[in-house]
Amino acid sequence: MAKALTRHIPNTVTCLNLFSGCIACVMAFQANYKLAFLFIILSAVFDFFDGMLARLLKAPSPIGKELDSLADDISFGAAPAFIVFSLFKEVHYPAFLSPISDYFPYIAFLIAVFSALRLAKFNIDVRQTSSFIGLNTPANALFWSSLVVGEYAFLTSSSFNALYLAGMVLLFSLLLVAEFPMFSLKFKTLKWQDNKTILIFLIGCILLIIFMGVSGFAASIAWYIFLSLLTRKKN
């Protein structure tokens, strides 16, 4: 009986990821960006622990893998897409874009579409067991949610406009499916040489968050992309 219950724990945690992601979507659609950001972080915590629990309890399952991808596309695909959709309604539009301003926000849903494509690729790509190919969906969701919360005043000012936002959506959508290797945050040993890139990244993240606050999370994702590029060049 205990074993039967134990095997359902990882999938239950995955469902909590999904539940938190649904709430993040609602908050994002209501332009409550701070709560959307918090529930995306909560989803990321559940996403981290469901796989760990499956390994610790020796309870992996085919349904768990599929459920994880479905939950991730809501929490880290749809939720950031809704955040950007709401933001599009608040950003400045140059005069030449005014005639299509009602349609422009739908560009945001490219984030959800490319997140689904990225998750599908990840499930069948044997190269991504110890590292990533393309930007992972939790990182992408964290970038958008923290950026909007931390830089809301700038993003809705006349110094920024919908065209810039659309360009960012296209760039990060392509990064999700790009054939671009990015390092994993998994520690394999305790040696500095084996974990040098991860430790440099984490030190940078701490400094960015200390000095930039919430915006530091978005800056950390940009730092992650940049450091992955440097690592790739060295290899």
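The preceding data block contains the structure.
We now turn to the structure provided with this report. Bear in mind that the values here come from a model prediction, so they are computed numbers and not experimental data.

Section: the overall build of the protein chain
Then step 1. If you tally the helices and strands in the protein chain, you get 10 helices and 2 strands.
Then step 2. N-terminal to C-terminal, the α/β element order of the protein chain is α-α-α-α-α-β-α-α-α-β-α-α.
Then step 3. The buried share of the protein chain, taken over its 235 residues, is 43%.
Then step 4. At a minimum sequence separation of 6, the contacts of the protein chain that also span at least 24 residues come to 75%.
Then step 5. Working note: accessible area of the protein chain is about 12700 Å², and carbon and sulfur atoms make up 72% of it.

Observations concerning helix α6 (residues 137–150)
Then step 1. Here α6 contains 14 residues, and its C-alpha end-to-end distance of 20 Å stays within 8% of the 20 Å for a straight helix at 1.5 Å per residue.
Then step 2. Counted residue by residue, α6 has 11 buried out of 14 residues, so it is predominantly covered.
Then step 3. When α6 is considered as a whole, its buried residues turn out to be Thr137, Ala139, Asn140, Ala141, Phe143, Trp144, Ser145, Ser146, Leu147, Val148 and Val149.
Then step 4. A side-chain oxygen of the first residue of α6 lies 3.0 Å from the backbone nitrogen of Ala139; this N-cap is Asn136.

Digging into the packing of α6 against helix α8 (residues 162–177)
Then step 1. Where α6 contacts α8, the two axes come as close as 10 Å, and the packing angle between them is 165 degrees. Relative to α8, the element α6 is oriented roughly antiparallel. Once α6 is placed against α8, the crossing between them reads as right-handed. In this structure, α6 uses Thr137, Asn140, Phe143, Trp144 and Leu147 to contact α8, whose residues at the interface are Leu165, Met168, Val169, Phe172 and Leu176.
Then step 2. Considered class by class, the residues forming the contact of α6 with α8 number 8 nonpolar, 2 polar and no charged.

Looking at unusual backbone geometry
Then step 1. With a phi angle near 60 degrees, Ala31 is a residue other than glycine that sits in the positive phi range.
Then step 2. Tracing the chain through its elements places Ala31 in the loop between α2 (9–29) and α3 (33–56).

Brief notes about the packing of aromatic side chains
Then step 1. Scanning the model with the defined rule gives 18 aromatic pairs in all.
Then step 2. An aromatic cluster of at least three residues, connected via ring pairs, comprises Phe29, Phe82, Phe85, Tyr106 and Phe109.

Notes on the environment of Phe154
Then step 1. Along the chain, the position of Phe154 falls in helix α7 (residues 152–155).
Then step 2. The sequence separation of Phe154 and Val91 amounts to 63 residues, and the corresponding C-alpha distance is 9.4 Å.
Then step 3. With residues up to four places along the chain from it excluded, the contact list for Phe154 reads Ser159 and Phe160.

A word on the environment of Tyr106
Then step 1. The residue Tyr106 is located in the loop between α4 (62–88) and α5 (110–124) in this model.
Then step 2. Owing to a relative accessible area of 51%, Tyr106 belongs among the exposed residues under this scheme.

Rules of the game
Residues numbered from 1 in each chain as written. Predicted model: local features only at pLDDT ≥ 70, side-chain atom pairs only at ≥ 80, totals over all residues. Heavy atoms only, no water. Helix = DSSP H or I, 4+ residues; strand = E, 2+ residues; numbered from the N terminus. Buried < 20%, exposed > 50% of the residue type's maximum accessible area, 1.4 Å probe, protein only. Contact = heavy atoms within 4.5 Å. Areas by Shrake-Rupley, 256 points an atom, 1.4 Å probe, with all protein chains shown as cover. Expected span 1.5 Å × (residues − 1). Polar contact = N/O pair within 3.5 Å; in protein donor to acceptor, adjacent residues only side chain to side chain. Axes fitted to C-alpha atoms, helices over the stretch in contact; angles between N-to-C directions. Parallel < 35°, antiparallel > 145°, perpendicular 65-115°, else oblique. Left-handed = near helix turned anticlockwise from the far one by under 90°. Nonpolar A, V, L, I, M, F, W, Y, C, P; charged D, E, K, R; others polar. Phe/Tyr/Trp six-rings, centres within 6.5 Å; stacked < 30°, edge-to-face > 60°.

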